[in-house]
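Working through the structure, step by step
These are the residues of each chain, in order.
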Amino acid sequence: MNSKKSNKVRLYQTVPDRILTLMVWLLLLLIFLVIIVPILFIVASSFSDPGAVSAGKVFLWPVDFSLAGYRVIFQSSYIMRGFYNSVVYTLLGTVISVTLTLFAGYPLARKDLKIRGVVMFLFTVTMFFSGGMIPTYLVVSKLHLINTIWAMVLPGAMGVWNVILTKTYIQTSIPDEIYESASIDGCSDWRYFVNMVIPLSKPIIAVMVLLYAVGKWNDFFSGLIYLNDASLQPLQLILRNILVQNDTTGMAMNLGEQMNRQELKTLMQYSLIIVSSVPVLILYPFIQKYFVKGIMMGSIKG
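Residues numbered from 1 in each chain as written. Predicted model: local features only at pLDDT ≥ 70, side-chain atom pairs only at ≥ 80, totals over all residues. Heavy atoms only, no water.

1. Examining the packing of helix α5 (residues 77-109) against helix α6 (residues 116-128)
Where α5 contacts α6, the two axes come as close as 9 Å, and the packing angle between them is 140°. In this view, α5 runs oblique relative to α6, as classed from their interaxial angle. Crossing handedness for the pair α5 and α6: left-handed. Across the interface between the two elements, A104, L108 and A109 of α5 pack against R116, V119, M120 and F123 of α6. Of the residues that constitute the contact of α5 with α6, the class distribution is six nonpolar, no polar and one charged. (Axes fitted to C-alpha atoms, helices over the stretch in contact; angles between N-to-C directions. Helix = DSSP H or I, 4+ residues; strand = E, 2+ residues; numbered from the N terminus. Parallel < 35°, antiparallel > 145°, perpendicular 65-115°, else oblique. Left-handed = near helix turned anticlockwise from the far one by under 90°. Contact = heavy atoms within 4.5 Å. Nonpolar A, V, L, I, M, F, W, Y, C, P; charged D, E, K, R; others polar.)

Quick look at the structure:
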C-alpha cells in the first residue's frame, strides 16, 4: 500500500512535471505583474509630489509623499458634483435594471408561458441587431429625456444576456415542485415571485447588481451623448475630459503657489482614477461569495 502511494508521489515529481509547473508559475507571475504594476504606478503617482509626477520620477513608490491631488479633487465642486451624479445614476440605474431583469427572467423561466419561445427570439435578435446610435438618440429626444437623469438610466436599462443568465438560474436552481406546492396552497404568482423566487435567487441577483452597477458607474458615453448640462455630468465623463482632452474647466485653479497648471492636470489624472475606482472595489468583496455561484449556475444551458 505504501509502495503505491510512493509511486504516485514520484509520478507527480518527474522532471517534465516540474518544468510544466515552473512554466505555469512563471506565466501566472507574468500576468500578475502586467496587472499589478500599472495599478501600483497609478497609486504611487496619486500620492506623490506633483513636480515629481510631472518629471516622471515616480514608478512603484510615492516620491515626496503628498495629498495635493486629492485635496484639489475634494475641494472642487465640479468633481464632487460629478461624483454625486455617478452615485445617483448607479444606484437608481441598478435598481431599475435588476428589477426589469427579474421581471423578464422569471416569466421566461416558467414552462407554462406559451409565448416564451417567441419572446426569447425577439430578445435574442436585439443582441445582434439594433437601430444604432442616431435612432436611439432620436427616441430619447422624442421622449424628452435629453439633459435629464432618466437619459442615464432608462436607455439600455435591461441587458438581454443578463436576462438569459437570470432565466437559466431560476430554471436550474428552483424546482418546479416548489411552484406546484405553492399553487396548491393558493399562492398567487406575485406572492410566489416575491416570497420564493427572489429569496432563492440571491446569488444571481448579487451578480446582476455587480454587473449593472459597474456598467452604470463606468458609463461616460451616455453622458457624452445625452447630457449638455455640466451639472448633470457623471464622474467618468469628467475623468474622460481630463484624461483625453486635458480639460480642467470648472475646477479650482487657485493653487498656483503649490503647482502650475500642467502639473495639476498630470497629478489629477492619477488621483481621479483612484477616486473613481474605489466604489467598485468596495462593492465587490460584499458580493464576491455569490458571484462565482451565480455566474456558473446561470450560465448552464436550461
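2. Concerning a nonpolar patch on the surface
On the surface, L20, V24, W25, L27, L28, L30, I31, V34, I35, I39 and V43 cluster together into a nonpolar patch covering about 1,100 Å² of accessible area. Mapped onto the elements, I35 comes out in helix α2 (residues 15-46). (Patch = residues over 30% accessible without salt bridge, like charges linked within 9 Å, V, L, I, M, F, W, Y side chains within 5 Å. Areas by Shrake-Rupley, 256 points an atom, 1.4 Å probe, with all protein chains shown as cover. Salt bridge = Lys/Arg side-chain N within 4 Å of Asp/Glu carboxyl O.)

3. Topic: the pattern of salt bridges
Under the definition given, this model contains three salt bridges. Note that D112 and R110 form a salt bridge whose closest N and O atoms lie 2.8 Å from each other. Residue D112 is classed as partly exposed on the basis of its relative accessible area, which comes to 48%. Here R110 falls in the buried class, since its relative accessible area comes to 14%. A salt bridge links D189 to R110, with the nearest nitrogen and oxygen atoms 3.5 Å apart. (Buried < 20%, exposed > 50% of the residue type's maximum accessible area, 1.4 Å probe, protein only.)

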